[in-house]
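Here is how the chains run, residue by residue.
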Amino acid sequence: MNQYEITFIVDPVLSGDEIQATAKTYVDLLEGEGCKMVHFDDMGIRSLAYPIKKRTNGAYFCSEFQAVNGEVIEKIELSLRRDERIMRFLTVRLEKYGIKYNEDKRNGLIGKKKEESKSEDSEEKGAEAKKA
Amino acid sequence: MASRDDIKFLSNPNIGDKRKKYCRFRKYGIKYIDYKDEQFLMQFVNDQGKLLPRRITGNSLKYQRKVSTAVKRARHLAMLPYVTDNLK
């Protein structure tokens, strides 16, 4: 089971629930293809570093899921390309460090960069404590 | 007459010595660089949004490559600009 992460930007001109609906369609599409959703993150509307399609901000969504193999990705990307509400998307395959990082981030272990160094060590200690 | 050593202390003693650079990823044990948090990636990009070379950031080759792919992905997702002025 490979773990993938798709981050996509939805056009903010649409109304709030329209944006949620677009995101929802992709979550259902993924589940329909038999992928296991690990995490779905709505990063909200953020300003873009440079205008895309004459828009200066966009609604960011990041979905993390597990899939048996890569064919699913082809279908998802095809529909992402066709959908004109999606301004941009990026799919990435996560290796074990990426998966570990995302889990730690969700459990709040990774704070800001400064605490990141401390929490990394405390996390190892925590891990040992669990093992012992 | 002041001897050579006294004169030397007139100026700041540790002007000359170079701070030992280290790879922060190896030192703090960070294994994955997330392309989504641009606050962290800002440290490896100069004012114009260009990638800083290894001799400045002090990264090891393995992690400098990971940083560069992460920055390029962040640029694709418009989290970091391709080129700008006074980014910081």
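Participant: Please explain the overall build of chain A as it appears in this structure.
Facilitator: Scanning chain A from N- to C-terminus turns up four helices and four strands. Order of helices (α) and strands (β) in chain A, N terminus to C terminus: β-α-β-β-α-β-α-α. When the 132 residues of chain A are sorted by exposure, 41% land in the buried category. Here the contacts in chain A between residues at least 6 apart in sequence split such that 69% fall between residues at least 24 apart.

Participant: Is there a simple way to explain the overall build of chain B in this structure?
Facilitator: When helices and strands are tallied, chain B shows five helices and zero strands. Overall, chain B shows an N-to-C arrangement of helices and strands of α-α-α-α-α. For chain B, the residues scored as buried account for 38% of the 88 residues in total. Partitioning the intrachain contacts of chain B with sequence separation of at least 6 by distance along the chain shows that 61% fall at a separation of at least 24. As presented, chain B carries roughly 6000 Å² of accessible surface, and 53% of it is formed by carbon and sulfur atoms.

Participant: Got a minute to help me understand the interface of chain A and chain B in this structure?
Facilitator: Interfaces are frequently sized by the accessible area removed from exposure as the parts join. Counting from both sides, the interface comprises 26 residues of chain A and, opposite them, 22 residues of chain B. Summing both partners gives a buried area of about 2100 Å² for chain A against chain B, and 62% of it is carried by carbon and sulfur. Summed over the shared surface of chain A and chain B, the result is two salt bridges. Salt-bridge contacts for A:Glu5 lead to B:Lys36; the nearest nitrogen and oxygen are separated by 2.9 Å. Taken together, the links from chain A to chain B amount to twelve residue pairs in polar contact (both at pLDDT 80 or more).

Participant: Looking at this structure, how should I read the pattern of salt bridges?
Facilitator: All names here are of chain A. According to the stated counting rule, one finds eleven salt bridges over all chains in the structure shown. Of the charged contacts in the structure, one is a salt bridge between Glu-33 and Lys-75, with a shortest N-O distance of 3.4 Å. Here the residue Glu-33 occupies a position in the loop between helix H1 (16-32) and strand E2 (36-52), and Lys-75 occupies one in helix H2 (residues 71-82), the gap between them amounting to 42 residues. The class of Lys-75 is partly exposed, set by a relative accessible area of 46%. The partner of Asp-83 in a salt bridge is Arg-85, with the nearest N and O atoms 3.2 Å apart.

Participant: It is not clear to me how the side chain of A:Thr22 should be interpreted in this structure. Could you clarify?
Facilitator: Along the chain, the position of A:Thr22 falls in helix H1. Sequence-distant contacts of A:Thr22, defined by excluding residues within four places in its chain, comprise A:Val10, A:Asp83 and A:Arg85.

Participant: Help me out: how do you make sense of a positive patch on the surface in this one?
Facilitator: On the surface, a cluster of positive charge is made up of A:Lys96, B:Arg26, B:Lys31, B:Lys62 and B:Lys66. When you line up the elements, B:Lys31 lands in the loop between helix H2 (24-28) and helix H3 (38-41). The partly exposed category is assigned to B:Lys31, whose relative accessible area is 36%.

Participant: Would you mind showing me how to read the side chain of A:Glu64 here?
Facilitator: Mapped onto the elements, A:Glu64 comes out in strand E3 (residues 55-67). Not counting residues within four places of it along the chain, the set of residues in contact with A:Glu64 comprises A:Gln3, A:Tyr4, A:Glu5, A:Met37, A:Val38, A:His39, A:Leu94, A:Asn102 and A:Arg106.

Participant: Teacher, can you tell me more about the packing of aromatic side chains here?
Facilitator: The way to describe two aromatic rings as a pair is by their centre distance and the angle between their planes. The full count for this structure, using the stated rule, is ten aromatic pairs over all chains. When the ring of A:Tyr101 is compared with that of B:Tyr32, the centres are 5.3 Å apart and the planes differ by 55°; the resulting orientation is tilted. One end of the pair, A:Tyr101, is in helix H3 (residues 96-106); the other, B:Tyr32, is in the loop between H2 and H3, on a second chain. Residue A:Tyr101 is classed as buried on the basis of its relative accessible area of 6%. Judged by centre distance (5.2 Å) and plane angle (20°), the rings of B:Phe25 and B:Tyr63 are stacked. You can see B:Phe25 sitting in helix H2 and its partner B:Tyr63 sitting in helix H5 (residues 61-76), a full 38 residues away along the chain. As far as burial versus exposure is concerned, B:Phe25 and B:Tyr63 are alike and both buried. An aromatic cluster of three or more residues is present, and its members are A:Phe8, A:Tyr26, A:Phe40 and A:Phe61. In this structure, B:Lys27 is placed above the aromatic ring of B:Tyr22, and the distance from its NZ or CZ to the ring centre is 5.0 Å.

Rules used in this analysis
- Residues numbered from 1 in each chain as written.
- Chains lettered and ligands numbered in written order.
- Predicted model: local features only at pLDDT ≥ 70, side-chain atom pairs only at ≥ 80, totals over all residues.
- Heavy atoms only, no water.
- Helix = DSSP H or I, 4+ residues; strand = E, 2+ residues; numbered from the N terminus.
- Buried < 20%, exposed > 50% of the residue type's maximum accessible area, 1.4 Å probe, protein only.
- Contact = heavy atoms within 4.5 Å.
- Areas by Shrake-Rupley, 256 points an atom, 1.4 Å probe, with all protein chains shown as cover.
- Buried area = accessible area lost by both parts, 1.4 Å probe.
- Salt bridge = Lys/Arg side-chain N within 4 Å of Asp/Glu carboxyl O.
- Polar contact = N/O pair within 3.5 Å; in protein donor to acceptor, adjacent residues only side chain to side chain.
- Patch = residues over 30% accessible without salt bridge, like charges linked within 9 Å, V, L, I, M, F, W, Y side chains within 5 Å.
- Lys, Arg positive; Asp, Glu negative; His and termini not counted.
- Charge placed at Lys NZ, Arg CZ, Asp CG, Glu CD.
- Phe/Tyr/Trp six-rings, centres within 6.5 Å; stacked < 30°, edge-to-face > 60°.
- Lys NZ or Arg CZ within 6 Å of the ring centre and 35° of its normal.

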